[in-house]
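Residues per chain are reported as follows:
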Amino acid sequence: MKLVVQVMGARDLPAMDLNGLSDPYVKVKLGKQKFKTRVVKKTLNPYWGEEFALRVDDLNDELLISVLDEDKYFNDDFVGCVKFPVSQVFDSHNKCLDTCWHPLQPKSKKPKHKDCGEILLNISFVTNNAFSDSASEGDHFGAESPSRSFVSETASPQRGKLDDKEEKEKEKSLAQKSLAGRLVQMFNKNPDVPVMSSTHSSKTDLTELVYIAEPTSEDHSASVPFDELMKTMQSREQAAETPENLPGGVLLDQMYVTEPKHLNTLLFSPGSTFPKALADLHGTTELEQGPWKFENDCLKRVVTYVKAASKLVKACKGTEDQQYLKADGKVFAVLASVNTPDVPYGKTFRTELLFCITPGPDLPSGEQCTRFVISWRMNFLQSTMMKGMIENGARQGLRDSYEQYATLLSQNVKPADSKDLGSNKDQVLASLQAEPQSDWKLAVQYFANFTVVSTFFIGFYMMVHIWLATPSTIQGLEFVGLDLPDSLGEFIVCGVLVLQGERVLGLISRFMQARVQKGSDHGVKAQGDGWLLTVALIEGSNIAAVDSTGFSDPYVVFSCNGKTRTSSIKFQKCNPMWNEIFEFDAMDEPPSVLDVEIYDFDGPFDEATSLGHAEINFVKTNISDLADLWIPLQGKLAQACQSKLHLRIFLNNTRGGNVVNHFINKMEKEVGKKITVRSPQTNSAFQKLFGLPPEEFLINDFTCHLKRKMPLQGRLFLSARIIGFHANLFGRKTKFFFLWEDIEDIHIVPPTLSSMGSPTIVMTLRQGRGMDARHGAKTQDEEGRLKFHFQSFVSFNVANRTIMALWKARSLSPEQKVQIIEEESEVKSLQTDESGSFLGLDDVSMSEVHSSSHAVPANFFVELFGGGDLDRRVMEKAGCLNYSHTPWESEKGDVYVRQIYYRYDKRVSQYRGEVTSTQQKSGLSDKNGWLFQEVMTLHAIPLGDYFNVHIRYQIEDTPPGCQVKVSFGIEWLKSTKHQKRITKNVLKNLQDRLKVSFAVVEKEFTTR
């Protein structure tokens, strides 16, 4: 017997962080079982939508549900909790506590926050037997496909037909303290309904049971038209924010030329033909869509179908529980939980899909545009060792399925053209008109406050007093022309007058200076040809108030590539309206970051107070998404007030398709080197690898090692705006990138033994920058700056000169760049004539090239990789000089990694090339031997940076000797017409080396 807990969301949580928000998550505990939801960042009204199944051993146990606030550096803060005795849930109607809000209780009697908020929960009982029985009988029920969350629902209409008094008497008589008695009560909840003893019941009995389970008149929402249900949803209180995308990934993100409500009707209306057409496209049969109806203030429906058979899974029945999370007429969010119990391990997980429909920017034609996003995740109800395999299989299946979904949807609704989304710039900007206000109107608005009015009144009062009063006699320290206060009251009045006068004069001074700064950069046209950045500042929301009047005098400063644009000052506003347009002079290279900061104007001589700041990263953001956005501001004041700015940003290239050639030509002039333009296929692979926008282009890439705790062999990619690293070693992928502007310093560390005799390039980032790439950093200094170490380049001089040239060209002033050009006297080509193209980093195809049996025990044979005398003798005999290695270090569990370095003897290679290699050691699955995997990088030989050599040694213990199998493969990093020739040459060299090495091992064993 299990207890299913659905943690939906929470509201009105207290602010636990300094920014006025919290990072809440939920812990669910029953006995020794503990579960935890994901953390929702920076919100007081989180939504989780997660479900947990807990085993019940004792009905006297207590279910504890706690809400906590995640703290990065200290212990997590306790927000509140709610407790439920398991017996309370068992004794409740239908063995279920319906979805409702429960107030959170503090931990102590004197809490810091009296109101801890509320949490939305659904708690119900379910048994494994009931679950399996309902799954087997589901085919007979048509529209109702029972699942864990519907075990109690199928019985509730039957119980509704009984008289309330009679029902209570029966429940009371059946209630027992023992667990056995309670189980009898659960399986015989309704004696009026005949219990089906087997799955072979007659069709008549099933029909009667289905008829009894039909919704009664209480479910009046089932007969209400879909449009009326949407209007009812709009009239109810909606969630403040649109739900975030689910963590599994995005399956569809597309703009469509239609209104959000029309797209919502097409996809989810019971009368729509789209679901039936989609079912026909997927080969789905027996599609049954249940009616939309309100259950516990939530609009839900159940959809059942039989999924078509695939290559791995036979045809199976599926159940979709769809629920509206938000429907306010403009934004629609539907969460679908898919249950397929008949697939392998199907009872251990549910697939959740989130459909989000939001308004998009208006098109030049005047039509409305809608953005449609589908995201997903796997919700595991039970732990299973097959979790990774299930997720990978579901990911591929969902991608294929929703590619067909997108194709069918585009046949019913016209997708918005990206050119149309970008071409509406002139139309959008033309519609913006700054609010005209006269100086007199602004002066009245600015000076109409208590300070000015009270000062004027007191001044007028004093002038009348002076006019009416007679001059006093000279006394004390007074003399003619100097009249001092004669009492403490007069002294206080004089002080108040001086302070009030000083404040009024300050207000007048600031107002006059602000009028001089009125709209200083608004409407100034950009100059030049290249990348043109246009920013439209529309309005602000909830700007922090720092003046004594309860308002601020905000203005905004935009910074990009060392240039700034400043808005006008809006006096005494917390929700200012600007409608101003700013253009940055054309730039030769695409911008990386736009910095936005809003200040409060305090006069020309006072330091401006920052009210919040934000950063817009063009590398990580799609340009179309910037056409209309509300950007939240960072900073203590901004986060406490939840300040936001409404911006419209447009980035256009006025040079058309020549932008890449123009930038590279400019780099060649600045650096004095030749740079080869990469093909469109290469740039496309590079953009896809790091998720970059289409305007990003690759300049060069190098094979190297990333030095962390252990060196990691991969590839370094250089583009106009970023430097990125990617590695795929033994199936483990490492990927990150950061901006050139993030780098504060680059220096070279001389070769050492630990760096395999190669210099190391150390990149130090600015404080607080590149945090998304911190998993690739070797160290972080006391100031919080990340340090990245790159070594073992195939061509170090070429890599170093390219990196330094790109970094200095991006971050230095024009005068410093001219100095660099004068210092660079030697001109060499960055690449050979056959530069090749990046082919990607897919898994290497391995083929067996050697298999032999040896009269040597496996434990002795593995000394070939042990780093001892045998290892060194074998390498010397094979023609490997200056052999060095690092000790084996545990990577995880029984997996060990080490690095080796050596030079080839002249008889092996006339170029005497160098080799850096990464070896991984792990036990075989049957623990009857060892598996050694090696990735070799060749240096100082022709085309050595075009490929990596992969070797796999499998040593099995077969007493009294061992069996050795060797597999070989080449990972091509660049294309070349000499692939076959290189493969043949490397394979011959490997086979000769294996013969020599294995002969030395056998000889050493016989002599011992």
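Everything discussed here concerns the structure shown above.
Here goes a summary of the coordinates provided.

So, how was this worked out
- Residues numbered from 1 in each chain as written.
- Predicted model: local features only at pLDDT ≥ 70, side-chain atom pairs only at ≥ 80, totals over all residues.
- Heavy atoms only, no water.
- Helix = DSSP H or I, 4+ residues; strand = E, 2+ residues; numbered from the N terminus.
- Buried < 20%, exposed > 50% of the residue type's maximum accessible area, 1.4 Å probe, protein only.
- Contact = heavy atoms within 4.5 Å.
- Areas by Shrake-Rupley, 256 points an atom, 1.4 Å probe, with all protein chains shown as cover.
- Phe/Tyr/Trp six-rings, centres within 6.5 Å; stacked < 30°, edge-to-face > 60°.
- Lys NZ or Arg CZ within 6 Å of the ring centre and 35° of its normal.
- Patch = residues over 30% accessible without salt bridge, like charges linked within 9 Å, V, L, I, M, F, W, Y side chains within 5 Å.
- Salt bridge = Lys/Arg side-chain N within 4 Å of Asp/Glu carboxyl O.
- Lys, Arg positive; Asp, Glu negative; His and termini not counted.
- Charge placed at Lys NZ, Arg CZ, Asp CG, Glu CD.
- Axes fitted to C-alpha atoms, helices over the stretch in contact; angles between N-to-C directions.
- Parallel < 35°, antiparallel > 145°, perpendicular 65-115°, else oblique.
- Left-handed = near helix turned anticlockwise from the far one by under 90°.
- Nonpolar A, V, L, I, M, F, W, Y, C, P; charged D, E, K, R; others polar.
- Pairing = 2+ DSSP bridges.
- Core = buried A, V, L, I, M, F, W, Y, C linked by side-chain atoms within 4.5 Å.
- Polar contact = N/O pair within 3.5 Å; in protein donor to acceptor, adjacent residues only side chain to side chain.
- Arc of directions from axis to C-beta.
- 1 Å grid on protein atoms, 1.4 Å probe; cavity = no way out; pocket = protein on both sides within 12 Å on 5 of 7 lines; lining within 4 Å.
- Points joined across faces, edges and corners; volume = space filled by probe spheres on them.

The next subject is the overall build of the protein. Counting its regular elements, the protein contains 23 helices and 40 strands. Taking all 1008 residues of the protein together, 48% fall into the buried category. In the protein, of all internal contacts separated by at least 6 residues, the share reaching a separation of at least 24 is 62%. Counting every atom, the protein has about 51,500 Å² of accessible surface; 52% of that belongs to carbon and sulfur.

Let us now look at the packing of aromatic side chains. Under the counting rule described, the total for this entry stands at 33 aromatic pairs. Relative to Tyr902, the ring of Tyr883 has its centre 6.5 Å away and its plane inclined at 45°; by these criteria the two rings are tilted. With Tyr883 in strand β34 (residues 880-885) and Tyr902 in strand β36 (residues 895-904), this residue pair connects regions lying 19 residues apart in the sequence. Considered together, Tyr883 and Tyr902 belong to a single accessibility category, that of buried residues. Site record: aromatic cluster; members linked through ring pairs are Phe226, Phe268, Phe274, Trp292, Tyr324, Phe355, Phe372, Tyr402 and Tyr405. Of note, Lys36 hangs over the ring of Tyr25, and the distance from its end group to the ring centre comes to 4.7 Å. Here the basic side chain of Lys644 rests over the ring of Trp630, its NZ or CZ set 5.4 Å away from the ring centre.

Turning to a positive patch on the surface, a few remarks are in order. Together, Lys27, Lys29, Lys34 and Lys36 give the surface a local cluster of positive charge. Looking at the positive patch, the elements with two or more residues in it are β2 (24-30) and β3 (33-36). Along the chain, the position of Lys34 falls in strand β3. You can call Lys34 exposed: its relative accessible area is 61%.

The subject of this paragraph is the packing of helix α22 (residues 869-877) against helix α23 (residues 979-1007). With their axes 9 Å apart at the nearest point, α22 and α23 run at an angle of 140° to one another. Here α22 lies oblique to α23, going by the angle between them. The handedness of the crossing between α22 and α23 is right-handed. Each of Leu870, Arg873, Val874, Met875 and Lys877 in α22 lies in contact with α23, whose residues at this interface are Arg993, Val996, Ser997, Val1000, Val1001 and Glu1004. Residues that form the contact of α22 with α23 fall into these classes: 6 nonpolar, 1 polar and 4 charged.

The strand order β4-β1-β8-β7 describes an open sheet built from 4 strands, whose pairing is antiparallel. Two strands close off the open sheet at either side, each with one partner strand: β4 (47-55) and β7 (96-103). If you compare each strand with its neighbour and ignore which way they point, the axes differ by 15° on average. Strand direction decides the pairing type here: β7 and strand β8 (residues 118-126), joined by 6 bridges, are antiparallel. Residue pairing for β8: Cys96 is matched across the bridge by Ser124.

Okay, the pairing of strand β26 (residues 711-719) next. Look at any regular strand and the pattern is simple: side chains alternate between the two faces of the sheet. Burial of β26 is extensive: 9 of the 9 residues sit out of reach of the surface. Pairing geometry for strand β25 (residues 698-707) and β26, over 9 bridges, is antiparallel. Looking at the pairing, Lys707 lines up with Pro711 of β26. Where β25 hands over to β26, the hairpin turn is made up of 3 residues, counted between the paired strands. Sheet topology places β26 next to strand β27 (residues 722-729); 4 bridges connect them, and they run antiparallel. Along β27, the bridge assignment pairs Arg715 with His726. Linking β26 back to β27 in an antiparallel pair, the connection comprises 2 residues.

By the secondary structure assignment, Lys995 is in helix α23. Residues Lys995 and His850, 145 residues apart in the sequence, show an inter-C-alpha distance of 9.7 Å.

Further remarks concern the pattern of salt bridges. Under the counting rule described, the total for this entry stands at 22 salt bridges. Linking Lys41 and Glu70 is a salt bridge whose minimum nitrogen-to-oxygen distance equals 2.7 Å. Of the two residues, Lys41 is situated in the loop between β3 and β4 and Glu70 in the loop between β5 (62-69) and β6 (77-85); the sequence distance between them amounts to 29 residues. A relative accessible area of 47% means that Lys41 is categorised as partly exposed. The partly exposed category is assigned to Glu70, whose relative accessible area is 28%. For Lys326, the salt bridge goes to Asp328, with nearest N and O atoms at 3.7 Å. Residue classification places Lys326 among the buried residues on the basis of a relative accessible area of 5%. Overlapping salt bridges bring together Arg38, Glu50, Glu352 and Arg377 as one network.

In this structure, Tyr324, Phe355, Phe372, Tyr405 and Leu409 are the most contacted members of the largest nonpolar core, which totals 43 residues. Considering each element in turn, this core owes the most residues, 8 residues, to helix α10 (residues 387-412). For Tyr324, the contacting residues outside a window of four places in its chain are Phe226, Met230, Met233, Asn264, Phe268, Trp292, Leu299, Phe332, Ala333 and Val334. By size, the runner-up hydrophobic cluster in this structure holds 41 residues, among which are Leu870, Tyr904, Val915 and Ile982.

This next bit is on the side chain of Ser568. Assignment of secondary structure puts Ser568 in the loop between β19 (563-566) and β20 (577-587). Engagement of the side chain of Ser568 in a polar contact is seen with the side chain of Glu580, the distance being 2.4 Å.

Let us now look at the packing of helix α9 (residues 274-282) against α10. Look at α9 against α10: their axes get within 10 Å of each other, and the N-to-C directions meet at 135°. The orientation of α9 relative to α10 falls into the category oblique. Both α9 and α10 take part in a crossing whose hand is right-handed. Contacts from Phe274, Ala277, Leu278, Leu281 and His282 in α9 reach Ser401, Gln404, Tyr405, Leu408, Leu409 and Asn412 in α10. Residues of the contact of α9 with α10, tallied by class, amount to 7 nonpolar, 4 polar and no charged.

Note on placement: Asp69 falls in strand β5. For the buried Asp69, which has no salt bridge, the nearest side chain bearing the opposite charge is Lys41, at an N-O separation of 8.1 Å. Among the polar contacts made by the side chain of Asp69, one reaches the main-chain amide nitrogen of Asp23 at a distance of 2.6 Å. Leave out the neighbours within four places in its chain, and Asp69 touches Met16, Asp17, Ser22, Asp23, Pro24, Tyr25, Asp76, Asp77 and Val79.

Moving on, we get to helix α18 (residues 680-690). Taken residue by residue, α18 has Thr682, Asn683, Phe686, Gln687, Leu689 and Phe690 as its buried positions. Take α18 and look down its axis: the buried residues cluster within an arc of 160°, on one side only. Of the exposed residues in α18, those oriented more than 90 degrees away from the buried face are Pro680, Gln681 and Lys688. Looking at the buried positions of α18, the neighbouring elements they touch are β25, β26, β27 and β28 (732-739).

Across the 11 residues that make up strand β38 (residues 929-939), a large majority, 10, are buried. The pairing of strand β37 (residues 914-923) with β38 spans 10 bridges and is classified as antiparallel. Residue pairing in the sheet places Ser917 in a bridge with Met936 of β38. The antiparallel pairing of β37 with β38 creates a hairpin that spans 5 residues between the two strands, and Lys927 there sits at a positive phi of about 55°. Inspection of the sheet shows β38 paired to strand β39 (residues 947-958) by 8 bridges, in the antiparallel sense. Pairing of Phe932 across the sheet is with Tyr953, part of β39.

What follows deals with the sheet that holds β20. On the basis of which strands lie adjacent, the open sheet formed by 4 strands has the order β20-β17-β24-β23 and antiparallel pairing. In this open sheet, the two strands that pair with only one neighbour each are β20 and β23 (629-632). Across the sheet, the axes of successive neighbouring strands diverge by a mean angle of 30°, strand direction being ignored.

Let us now look at empty space enclosed by the protein. Tallied over the entire structure, the rule returns 6 cavities of 30 Å³ or more. Approximately 140 Å³ is the volume found for the largest cavity. Looking at the largest cavity, it is lined by 15 residues, and the ones nearest its centre are Leu864, Phe865, Met875, Tyr953 and Arg993. Those elements that place two or more of their residues in the lining of the largest cavity are α22, β36 and α23. Ranked by the residues each element gives to the lining of the largest cavity, the list is headed by α23, at 4 residues.

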